[in-house]
Amino acid sequence: MVVFFSRSTLQSKEQISENTPDDELVTAMENAKHHDNKDLWWECLRRRCELKRQGASTKGSPLELEFHAVMLAYETLQAELKRRKNYRAVRTWKTFENKGVIAVLEKWAKNPQKGSAFKVLMDHEAYDLTAEFVVLKYSNAFSPEVVSAARQSLIDAGVPPEKLELT
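What you see is a predicted model; the values in this text were computed from it and never measured. (Residues numbered from 1 in each chain as written. Predicted model: local features only at pLDDT ≥ 70, side-chain atom pairs only at ≥ 80, totals over all residues. Heavy atoms only, no water.)

A. Representation of the overall build of the protein chain within the structure. Check the secondary structure of the protein chain and you find eight helices and zero strands. If you list the helices and strands of the protein chain from N to C, you get α-α-α-α-α-α-α-α. By residue count, 43% of the 167 residues in the protein chain fall in the buried class. Contacts in the protein chain between residues far apart in sequence, at least 24 positions, make up 58% of those at least 6 positions apart. (Helix = DSSP H or I, 4+ residues; strand = E, 2+ residues; numbered from the N terminus. Buried < 20%, exposed > 50% of the residue type's maximum accessible area, 1.4 Å probe, protein only. Contact = heavy atoms within 4.5 Å.)

Structure, rendered in structure tokens:
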């Protein structure tokens, strides 16, 4: 059997480095999905989110860069769950544009109904790619009520409390 990897030769998560560009990661994710290599797929997603956090494609405050990483993870997972090539969280982006990053993260953190993307992130121990984790990381930007709700959501989802101590 011949395995063809277009443009990217990434075949294992160990081949991903801090210098791997986003376009290679996207291609590697497509190939990983095609070959049912979940470890590689998740490692590529994590690296793509890290690039967003570093401001590789977006400018903004550290909190906004974290938000962009969370949105990348969310939209990517929604595309997978809905079996679409692309997914754009239009209402969330409009809220971000109109009310700002704090409003979006507060809404997600306080919502007791967690969506399927949140559940998938929890299943893969990727709690650091959730809005709730960003709220904890930047707790000084949020009310104690929002921080408490975010922490409780993650604990209820099975994240050990000691992994949520970010100070």
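The discussion continues.
B. Examining the nonpolar core more closely. Within the largest apolar cluster, 50 residues are counted, with the highest numbers of intra-cluster contacts made by W42, F67, L105, V135 and L154. Broken down by element, the residue count for this core peaks at nine residues, all from helix α3 (residues 62-81). Residues contacting F67, with those up to four places away along its chain left out, are T92, W93, F96, V101, V104 and L105. (Core = buried A, V, L, I, M, F, W, Y, C linked by side-chain atoms within 4.5 Å.)

C. Broad picture of the packing of α3 against helix α5 (residues 101-110). In contact at an axis separation of 10 Å, α3 and α5 are set at 50 degrees when each is read in the N-to-C sense. By the angle between their axes, α3 is oblique relative to α5. Crossing angle aside, the handedness with which α3 passes α5 is left-handed. Taking contact as the criterion, the partners of L63, E64, F67, V70, M71 and Y74 in α3 are, on α5, V101, I102, V104, L105 and W108. Of the residues contributing to the contact of α3 with α5, the split by class is 10 nonpolar, no polar and one charged. (Axes fitted to C-alpha atoms, helices over the stretch in contact; angles between N-to-C directions. Parallel < 35°, antiparallel > 145°, perpendicular 65-115°, else oblique. Left-handed = near helix turned anticlockwise from the far one by under 90°. Nonpolar A, V, L, I, M, F, W, Y, C, P; charged D, E, K, R; others polar.)

D. Looking closely at the pattern of salt bridges. Here the structure, examined in full by the defined rule, presents eight salt bridges. Its salt-bridge partner being E80, residue K33 comes within 3.3 Å of it at the nearest N-O pair. Taken together, the residues K33 in helix α1 (residues 22-34) and E80 in helix α3 connect sequence positions 47 residues apart. In this structure, R53 engages E50 in a salt bridge whose closest nitrogen and oxygen atoms are separated by 3.3 Å. Here E50 and R53 lie together in helix α2 (residues 38-53), a separation of three residues that amounts to about one turn. Taken together, the salt bridges that share partners define one network made up of E50, R53, E66 and K137. (Salt bridge = Lys/Arg side-chain N within 4 Å of Asp/Glu carboxyl O.)

E. Layout of the packing of aromatic side chains. Counted according to the given criterion, the structure contains seven aromatic pairs. Relative to F96, the ring of F67 has its centre 4.8 Å away and its plane inclined at 20 degrees; by these criteria the two rings are stacked. Separated by 29 residues along the polypeptide, F67 in helix α3 and F96 in helix α4 (residues 90-99) bring together distant segments of the chain. Neither residue differs from the other here; F67 and F96 are each classed as buried. Residues Y127 and F133 carry aromatic rings whose centres are separated by 5.6 Å and whose planes lie at 65 degrees to one another, so their mutual orientation is edge-to-face. Taken together through their ring pairs, the aromatic side chains of F67, W93 and F96 make up a single cluster. Seen from the ring of F118, K114 lies directly overhead, with NZ or CZ sitting 5.6 Å from the centre. (Phe/Tyr/Trp six-rings, centres within 6.5 Å; stacked < 30°, edge-to-face > 60°. Lys NZ or Arg CZ within 6 Å of the ring centre and 35° of its normal.)

F. Structural view of unusual backbone geometry. Despite not being glycine, D36 has its phi angle at roughly 55 degrees, a positive value. By the element assignment, D36 lies in the loop between α1 and α2. The backbone phi angle of E125 is positive, close to 50 degrees, even though this residue is not glycine.

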